[in-house]
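In case you want the letters, here they are:
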Amino acid sequence: MLTSTTLLAAAAIPPGMMQLLPFLLIIVVFYFLLIRPNQKKQQNWQQMLSNLKPGDRVTTTGGIRGVILSIKEDAIQLRVPPDNLKLEVIKTAIASVTQDEAK
C-alpha cells in the first residue's frame, strides 16, 4: 500500500521537476553547511571590529600582538612590546581581540 501511494505521488510530480530536485537539494545543503556559517562568522568579525577601543589587546592576521593606542577611520595604531614600538595597521588586519591575563 505504501509503494502505491509513493508511486502516485511520484506520478503527480512533472518529469522536469524530478530532474531539478537533486540540484535544488544540493543548493539547500550547500547553503546550510557553507554559506550560512560563513555569513555568521563575517557578521561576528564586523561587530568585533566596530567594538574596538583604545586599550584593547589585539592580534593581527600576521600574528603581531599589541595594545590599541588610537583608532582612526580605517587604521589602528598599536603599541607592540617589548620595545613599545608604534605600528599602524589597517582595521581589517585585526584577527581577534585577546584577553588580558593580568586582569
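So, here's what we can say about the structure.

So, how was this worked out
- Here, residues in each chain are numbered from 1, in the same order as that chain's written sequence.
- It should be noted that, the model being predicted, local features are given only for residues of pLDDT at least 70 and side-chain atom pairs only at 80 or more, the latter also being counted only at that level, while totals for whole chains, interfaces and linings use all residues.
- Side-chain numbers come from the whole structure's heavy atoms, not from hydrogens or water.
- By nonpolar core is meant a set of buried Ala, Val, Leu, Ile, Met, Phe, Trp, Tyr and Cys residues that side-chain atoms within 4.5 Å join together.
- Throughout, exposure labels follow a simple rule: accessible area from a 1.4 Å probe, protein chains only, divided by the maximum for the residue type, with under 20% read as buried, over 50% as exposed, and the rest as partly exposed.
- Numbering of helices and strands runs from the N terminus, with a helix taken as a DSSP run of H or I at least four residues long and a strand as a DSSP run of E at least two residues long.
- Whether two residues touch is decided by their heavy atoms; if any such pair falls within 4.5 Å, the residues are in contact.
- Side-chain rings of Phe, Tyr and Trp, where Trp is taken by its six-membered ring, are said to pair if the distance between their centres is within 6.5 Å; with planes under 30 degrees apart they count as stacked, over 60 as edge-to-face, and otherwise as tilted.
- Should DSSP find at least two bridges between two strands, the strands are taken to pair.
- Note on definitions: angles span 0 to 180 degrees between N-to-C directions of axes, and those axes are lines fitted to C-alpha atoms, for helices only across the stretch in contact.
- Salt bridges are counted wherever a side-chain nitrogen of Lys or Arg sits within 4 Å of a carboxyl oxygen of Asp or Glu.

1. Some thoughts on the nonpolar core
For step 1, the next point in the chain: Counting residues in hydrophobic clusters, the biggest one holds 10 residues: Met48, Leu49, Leu52, Val58, Ile68, Ile76, Leu78, Val80, Val89 and Ile94.
For step 2, the next point in the chain: Of all the secondary-structure elements, those providing two or more residues to this core are helix 2 (15-50) and strand 3 (75-80).
For step 3, the next point in the chain: Leaving out residues up to four positions away in the same chain, Met48 has contacts with Ile94, Ala95, Ser96 and Val97.

2. Some remarks on the side chain of Thr60
For step 1, the next point in the chain: In this fold, Thr60 is placed in strand 1 (residues 57-60).
For step 2, the next point in the chain: Note on Thr60: relative accessible area 6%, which makes it buried.
For step 3, the next point in the chain: If we skip the residues at most four places from it in the chain, Thr60 touches Leu78, Val89, Ala93, Ile94 and Ala95.

3. Quick word on the packing of aromatic side chains
For step 1, the next point in the chain: Applying the stated rule across the entire model yields one aromatic pair.
For step 2, the next point in the chain: Taking the centre distance of 5.2 Å and the plane angle of 80° together, the rings of Tyr31 and Phe32 count as edge-to-face.
For step 3, the next point in the chain: Using a relative accessible area of 35% as the deciding quantity, one classes Tyr31 as partly exposed.

4. Some thoughts on the environment of Arg57
For step 1, the next point in the chain: Here Arg57 is to be found in strand 1.
For step 2, the next point in the chain: Accessibility expressed as a relative area gives 36% for Arg57, which makes it partly exposed.
For step 3, the next point in the chain: Each C-alpha atom, one on Arg57 and one on Val67, is 4.5 Å from the other, the two residues being 10 residues apart in sequence.

5. Side note on the pairing of strand 3
For step 1, the next point in the chain: In this structure, strand 2 (residues 65-71) lies alongside strand 3, joined through four bridges in antiparallel fashion. Each bridged residue has a counterpart across the sheet, and for Ile71 the counterpart in strand 3 is Ile76.
For step 2, the next point in the chain: Between strand 2 and strand 3, which pair antiparallel one after the other, the connecting turn spans three residues.
For step 3, the next point in the chain: The sheet contact formed by strand 3 and strand 4 (residues 85-90) spans six bridges and is antiparallel. In the sheet register, Ile76 faces strand 4, and the bridge partner there is Val89.

6. Overview of the sheet that holds strand 2
For step 1, the next point in the chain: The strand order across the open sheet formed by five strands is 4-3-2-1-5, and the pairing between neighbours is antiparallel. Each of the sheet's edge strands pairs with one partner strand only, and the pair in question is strand 4 and strand 5 (94-98). When strand polarity is set aside, the average angle formed by the axes of neighbouring strands in this sheet is 45°.
For step 2, the next point in the chain: Two elements, strand 1 and strand 2, share three bridges in a ladder whose sense is antiparallel.

7. Here's the deal with unusual backbone geometry
For step 1, the next point in the chain: Pro81 connects to Pro82 through a cis peptide bond whose omega is 5°.
For step 2, the next point in the chain: One can find Pro82 in the loop between strand 3 and strand 4.

8. Thoughts on the pattern of salt bridges
Where side chains of opposite charge bring their charged atoms close, a pairing between them can arise.
For step 1, the next point in the chain: A complete count under the given rule lists two salt bridges for this structure.
For step 2, the next point in the chain: Notably, a salt bridge pairs Asp56 with Lys53, separated by 3.2 Å at the nearest N-O pair.
For step 3, the next point in the chain: The partner of Glu88 in a salt bridge is Lys72, and the shortest N-O contact between them spans 2.9 Å. You can see Glu88 sitting in strand 4 and its partner Lys72 sitting in the loop between strand 2 and strand 3, a full 16 residues away along the chain.
For step 4, the next point in the chain: Taking the relative accessible area as the measure of exposure, Glu88 reaches 49% and is therefore partly exposed.
For step 5, the next point in the chain: Taking relative accessible area as the criterion, Lys72 reaches 45% and is therefore assigned partly exposed.

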